[in-house]
Amino acid sequence: MKPSPITFPKVPSLFELKQGYPGLKALFFDMDGTLFNTESYHAEAMFMIGQRYKIRPPYSPETVHELMMGKADHLVFDIIKDWEGVPKDWTAADFIHQKNANLIEILAKVDPAKYFPPAILSLLNEAKAEGIYMALVTSSEKVVTEELLKIAKIRDFFNLILTRDDCPTHKPDPWPYLKAMKESRFDKSEIIIFEDSNVGLEAAITSGAHVIKVGWY
């Protein structure tokens, strides 16, 4: 039986993490919904596509959100490709390109403080000061990941960045986290993974590392 992750209702300090995990050597972060509170902007980017093509989901808005939360964009396309209004000649790449263009357009107009709280930056600063290895493991594409990190000015905090484009398979498969473990050369017992979505949590738990479920958004 897989262990249940511990939920943290607020961003912890590095001191708090070390108290609970004395062998801590590395922190692995998911991006959307974990490092950044950007889920609503992804939803807005999807809404723009829906409006442009007059897409009609066969489900309620609540069910649509449940189906899509935490999933990589190519999996989202698999869900929507047969919905009314979706261009029949679209490939997953076409959908992803349009959605990412919308997302970058939206984020260019938003103050990063609205989706990147000071407590996260504080944790990153503490970890960097103490030589903690940090990895970002996301199902978002590289173009969006790099843009977000640039806007928030935190790219240099990460020793390793793995995006959807860097992985042959994606969450809930643990491959991205296992790859990050291999690259970091730390044992799973020395690593904490922060995740928020069900698919991300499944990948993190299966990897065997310590897992913290994000409850601060």
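As shown above, the structure is provided for reference.
This one's a predicted model, so the numbers in the text were calculated from it and none came from an experiment.

What counts and what doesn't
- Residues numbered from 1 in each chain as written.
- Predicted model: local features only at pLDDT ≥ 70, side-chain atom pairs only at ≥ 80, totals over all residues.
- Heavy atoms only, no water.
- Axes fitted to C-alpha atoms, helices over the stretch in contact; angles between N-to-C directions.
- Helix = DSSP H or I, 4+ residues; strand = E, 2+ residues; numbered from the N terminus.
- Parallel < 35°, antiparallel > 145°, perpendicular 65-115°, else oblique.
- Left-handed = near helix turned anticlockwise from the far one by under 90°.
- Contact = heavy atoms within 4.5 Å.
- Buried < 20%, exposed > 50% of the residue type's maximum accessible area, 1.4 Å probe, protein only.
- Pairing = 2+ DSSP bridges.
- Right-handed = clockwise from strand over helix to strand, strands pointing away.

> Help me out: how do you make sense of the packing of helix α8 (residues 175-184) against helix α9 (residues 198-207) in this one?
A pair of packed helices can be characterised by two numbers: the angle between their axes and the separation between those axes. Interhelical geometry of α8 versus α9 gives an angle of 45 degrees and a closest axis separation of 8 Å. By the angle between their axes, α8 is oblique relative to α9. At the point where α8 passes α9, the crossing takes the right-handed sense. Here α8 contributes Tyr177, Leu178 and Met181 to the contact with α9, which in turn contributes Gly200, Ala203, Ala204 and Ser207.

> Mind showing me how you'd approach the pairing of strand β5 (residues 191-195) here?
As a general feature of sheets, a regular strand has side chains that alternate between the two faces. With respect to burial, β5 is a largely interior element, five of its five residues being buried. On β5, burial covers both faces: Ile191, Ile193 and Glu195 on one face and Ile192 and Phe194 on the other are all buried. Two elements, β5 and strand β6 (residues 210-214), share four bridges in a ladder whose sense is parallel. Paired with Glu195 across the strands is Lys213, a residue of β6. Crossover handedness for the path β5 to α9 to β6: right-handed.

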